[in-house]
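# Close look at the chain arrangement
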Amino acid sequence: MPSHLFADRPAPQPPAHDAVDALIHRTRRLRGDVDAVGRNAVTDEDGPQARWQRALCDLAVQHLDNLGEQLGQLKAGLPAQRSAPRDGDARVDGPPAGSPPNRVGSAEWNLLTDEVSWSEELYEIFGRPPGSPPLSLDDLPSVLLPDDQPKLTSMVTGCLVDGRPMDGEFRIVLPDSRVRTLHMTGEPVLDSEGCTASMWAVLRDVSELRRSEETVSRTRDSAQTDERIERTEHRMAVELQETVLPPWRGSLRLPQQGPGALDIAAHYLPSASSGLIGGDWYDAMELPDGRTLLTVGDLTGHGIPATSAMAMMLGALRGMAVAGIEPGALMGHLNHLLETSVQPALGSALCCRFDPATGLLSWAQAGHPAPLLFRDGTGRQLPPPDGVLLGAASRVAYEQDEVRLLPGDVLVLHTDGLTRRSDRGAGPEELLALAPLFAQARTAQECVRGVVEEFGGTERLDDACVLVARIGA
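Rules of the game
- One numbering rule holds for all chains: residues counted from 1, following each sequence as written.
- Note on the predicted model: pLDDT of at least 70 is required for a residue's local features to be given, and 80 or more for side-chain atom pairs to be given and counted; whole-chain, interface and lining totals, by contrast, use all residues.
- Heavy atoms from the whole structure form the basis of all side-chain values; hydrogens and water molecules are not counted.
- Helical segments are the DSSP runs of H or I of at least four residues, strand segments are the runs of E of at least two, and each set is numbered from the N terminus.
- Think of it in three bands: residues with accessible area under 20% of the maximum for their type are buried, residues over 50% are exposed, and the middle band is partly exposed, with areas taken using a 1.4 Å probe on protein chains only.
- Here, Shrake-Rupley sampling with a 1.4 Å probe gives the accessible areas, and only protein chains in the shown set may cover a residue.
- Working definition: rings of Phe, Tyr and Trp (its six-membered ring) pair if their centres are within 6.5 Å, and the pair is stacked with planes under 30 degrees apart, edge-to-face with planes over 60 apart, and tilted otherwise.
- Note on pairing: two strands pair once DSSP finds at least 2 bridges between them.
- Axis lines are fitted through C-alpha atoms, for helices just across the contact stretch, and the angle between N-to-C directions can take any value from 0 to 180 degrees.
- Every residue pair with non-hydrogen atoms within 4.5 Å of one another is taken to be in contact.
- Any pair of nitrogen or oxygen atoms within 3.5 Å is treated as a polar contact; in protein, a donor-acceptor pairing is required on top of that, and neighbouring residues in sequence qualify only through side-chain atoms on both sides.
- Think of a salt bridge as a Lys or Arg side-chain nitrogen and an Asp or Glu carboxyl oxygen that are within 4 Å of each other.
- Definition used in this section: a nonpolar core is a set of buried Ala, Val, Leu, Ile, Met, Phe, Trp, Tyr and Cys residues joined via side-chain atoms within 4.5 Å.
- A crossing counts as left-handed when the near helix is turned anticlockwise from the far one by less than a right angle, and as right-handed when that turn is clockwise.
- Residues are grouped as follows: Ala, Val, Leu, Ile, Met, Phe, Trp, Tyr, Cys and Pro are nonpolar; Asp, Glu, Lys and Arg are charged; every other residue, Gly included, is polar.
- Counting rule for disulfides: a pair of cysteine sulfur atoms within 2.5 Å.
- By this rule, a helix spans an expected 1.5 Å times one less than how many residues it contains.
- Regarding the arc, it is the one traced by the directions from the helix axis to the C-beta atoms.

## Here's the deal with the overall build of the chain
When helices and strands are tallied, the chain shows eleven helices and 18 strands. Per-residue burial over the chain gives 42% buried out of 473 residues. Entry remark: accessible area of the chain is about 24400 Å², with carbon and sulfur atoms responsible for 52%.

Okay, here's the thing in structure tokens:
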């Protein structure tokens, strides 16, 4: 950078090269560490959070690149000092091939002679050929964007008239129509009588830095917006789920009077991520003919689409059950409904109809885990009748099976999201191992509590429902 034309002050001494070399080395090392963090942060995901993390790493690298360049210029010294090294002096290496152009330059405008002095770096920053006339203070605003010209005028006036240091940014238009953002700092240079003789300034190209900052701000805002939307959708999904699922808590007795009544309890277990509200359902209700409906099911997807589809399916299932449609035929109607819905999805379901007068359980399933029957301290999985996933095929017939239940039997219905760990499902073996616990339980609620204690504290990839029906005497 050029020296002050009229500065009545001693020339600053260049910093010790060893100290600057140490700073350059530490900056390069830190830059490499930050770059490594950025590479490790790159994943296949392209969500707002990932984009914000990448933008932050890019911004940090940009800052360190700028710092490295400025330290390099500090080590090299003034242009006049490094242009012709003396014999015996160590030669300063130039920037490596392919490195970005210098981003810091300086200028001085002499108010007495109208002489203007620009450093070589400043010509490069303004995109002007070396040797061309530097811009005077009167001509400088002509290369600025119109919106930024008043800002430069105010900065220069405050410096020359009021003696205030300059510190501000403005945008210039290069000859090739590209736009750059420059940060300008400067101060007046006084003569021996204390009058302003010239103005000296340092200009730094901060275009890449500002673009990186804008990217960070934009991705952060996008991530925050997505987070607000996700929270809102999660709250709406939870409210919809709570509205649709049965309002009863604890144990339910169906029918409320008479022999062979079912003692029923159920529980919903959320996934490890509370944001994943799925389309799982459970239900039990007394039908007009005195029989009892028991059902659990699960639809693909999460959030409002899954819970709204679950509401549609459960409403249809209740209506058809009240109308007296048998479980097998009911599954066929649900399959047609899901297949022709506006938002097609896949689902699994289990529908049971229990007659307390005869103890007969009629049931059908659609790609769903079969009920587990516990009797006399042991358990087994009921052989499933044929039935494919809901929404997977057209005009599919669903078989129906029957089994007679005895007083004291425990029937367990569950969705396949019930897991011990994220890598292993709680299939029949894990649930059947609870047979001794069910044999000692006096109510269905105690059975459900045992399932929740066994599986509720573990992480699951999906939410789950469990329904227990205990046949009374």
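## With respect to the packing of aromatic side chains
For the structure on display, the rule yields three aromatic pairs. Each ring, one from Trp118 and one from Phe126, has its centre 4.9 Å from the other, and the planes form 35 degrees; the classification is tilted. Here the two residues Trp118 and Phe126 agree in accessibility, since each one is buried. A network of ring pairs unites the aromatic residues Trp118, Tyr123 and Phe126 as a single cluster.

## As for the sheet that holds strand β3 (residues 166–173)
Spatial ordering of the open sheet is given by β2-β1-β5-β4-β3, a layout of five strands whose pairing is antiparallel. One side of each edge strand has no neighbouring strand; the edge strands of this open sheet are β2 (116–118) and β3. Along the sheet, successive strands turn relative to each other by an average axial angle of 25 degrees, direction set aside. Note that strand β1 (residues 104–110) and strand β5 (residues 196–205) share seven bridges and pair antiparallel. Counterpart to Glu108 in the pairing with β5 is Trp200. Contacts from helix α5 (residues 149–160) reach β3, β4 (179–190) and β5, with the element oriented near 145 degrees to β3.

## Side note on the side chain of Asn335
Tracing the chain through its elements places Asn335 in helix α8 (residues 327–339). Among the residues examined, Asn335 registers a relative accessible area of 2% and is labelled buried. Among the polar contacts listed, one links the side chain of Asn335 to the side chain of Tyr398, at a separation of 3.4 Å.

## A closer look at the sheet that holds strand β15 (residues 410–414)
With antiparallel pairing, six strands are arranged side by side in an open sheet as β6-β7-β18-β15-β12-β13. With partners counted over all chains shown, the strands left at the sheet margins are β6 (252–254) and β13 (378–381), one partner each. Across the sheet, the mean angle from the axis of one strand to that of its neighbour is 25 degrees, orientation sign disregarded. With three bridges connecting them, β6 and strand β7 (residues 262–269) associate as antiparallel partners. The partner of Leu254 across the bridge, within β7, is Leu262. Helix α11 (residues 444–455) contacts β7, β15 and β18 (464–471) of the sheet and is inclined by roughly 25 degrees relative to β7.

## Regarding the pairing of strand β8 (residues 281–286)
Pairing between β8 and strand β9 (residues 292–299): six bridges, direction antiparallel. Counterpart to Tyr282 in the pairing with β9 is Val296. Hairpin connection of β8 to β9: five residues between the antiparallel strands, including Gly290 at a positive phi of 95 degrees.

## What to know about the pattern of salt bridges
Evaluated as defined, the whole model comprises 16 salt bridges. Arg180 is the partner of Asp205 in a salt bridge, and the nearest nitrogen-oxygen pair spans 3.7 Å. Of the two residues, Asp205 sits in strand β5 while Arg180 sits in strand β4, which places them 25 residues apart along the sequence. The two residues Asp205 and Arg180 agree in class, both being buried. Several salt bridges converge on common partners, so that one network encompasses Asp289, Arg291, Glu326 and Arg353.

## Re the nonpolar core
Core analysis: the largest hydrophobic core is formed by 27 residues, its most contacted members being Ile264, Leu294, Leu361, Leu405, Leu411, Leu413 and Leu467. Mapped onto this core, the elements with two or more residues apiece are β6, β7, β8, β9, β10 (347–355), β11 (360–366), β15 and β18. Excluding its chain neighbours within four sequence positions, the residues that come into contact with Leu405 are Phe354, Gly359, Leu361, Leu373, Arg375, Leu411 and Ile471. Residues Val116, Leu122, Leu140 and Leu152 belong to the second largest nonpolar core, which totals 26 residues.

## Some remarks on the pairing of β10
Most of β10 sits out of view: eight of its nine residues are buried. Judged from the eight bridges that link them, β9 and β10 form a sheet pairing that is antiparallel. Across the sheet, Leu299 pairs through a bridge with Gly347, a residue of β10. Relative to β11, β10 runs antiparallel, the two being bridged by seven bridges. Residue pairing for β11: Cys351 is matched across the bridge by Ala364.

## Looking at unusual backbone geometry
Even without glycine at this site, Asp114 takes up a positive phi of about 60 degrees. Tracing the chain through its elements places Asp114 in the loop between β1 and β2. A positive phi is found at Ser177, a non-glycine position, where the angle reads about 75 degrees. For Ser177, the location among the structural elements is in the loop between β3 and β4. The exposed category is assigned to Ser177, whose relative accessible area is 56%.

## Quick notes on the packing of helix α7 (residues 303–322) against α8
For any two helices packed against each other, the geometry is given by the interaxial angle and the distance between the axes. Between α7 and α8, the least distance of the axes is 10 Å, while the angle of their chain directions is 150 degrees. For the crossing formed where α7 meets α8, the hand is right-handed. In this structure, α7 uses Met312, Met313, Ala316, Leu317, Met320 and Ala321 to contact α8, whose residues at the interface are Leu330, His333, Leu334, Leu337 and Leu338. Class assignment of the residues belonging to the contact of α7 with α8 gives a composition of ten nonpolar, one polar and no charged.

## Topic: the state of the cysteines
Applying the stated criterion to the full structure yields zero disulfides. Free of any disulfide, Cys352 has its nearest neighbouring cysteine sulfur in Cys351, separated by 6.7 Å. Overall, the relative accessible area of 0% leaves Cys352 in the buried class.

## Re α11
A rise of 1.5 Å per residue sets the reference length of α11, with its twelve residues, at 16 Å; its end C-alpha atoms lie 17 Å apart and thus fit the reference within 8%. When we look at burial in α11, the residues that qualify are Ala444, Cys447, Val448, Gly450, Val451 and Phe455. Along α11, the residues classed as buried sweep out an arc of 155 degrees about the axis, all on the same side.

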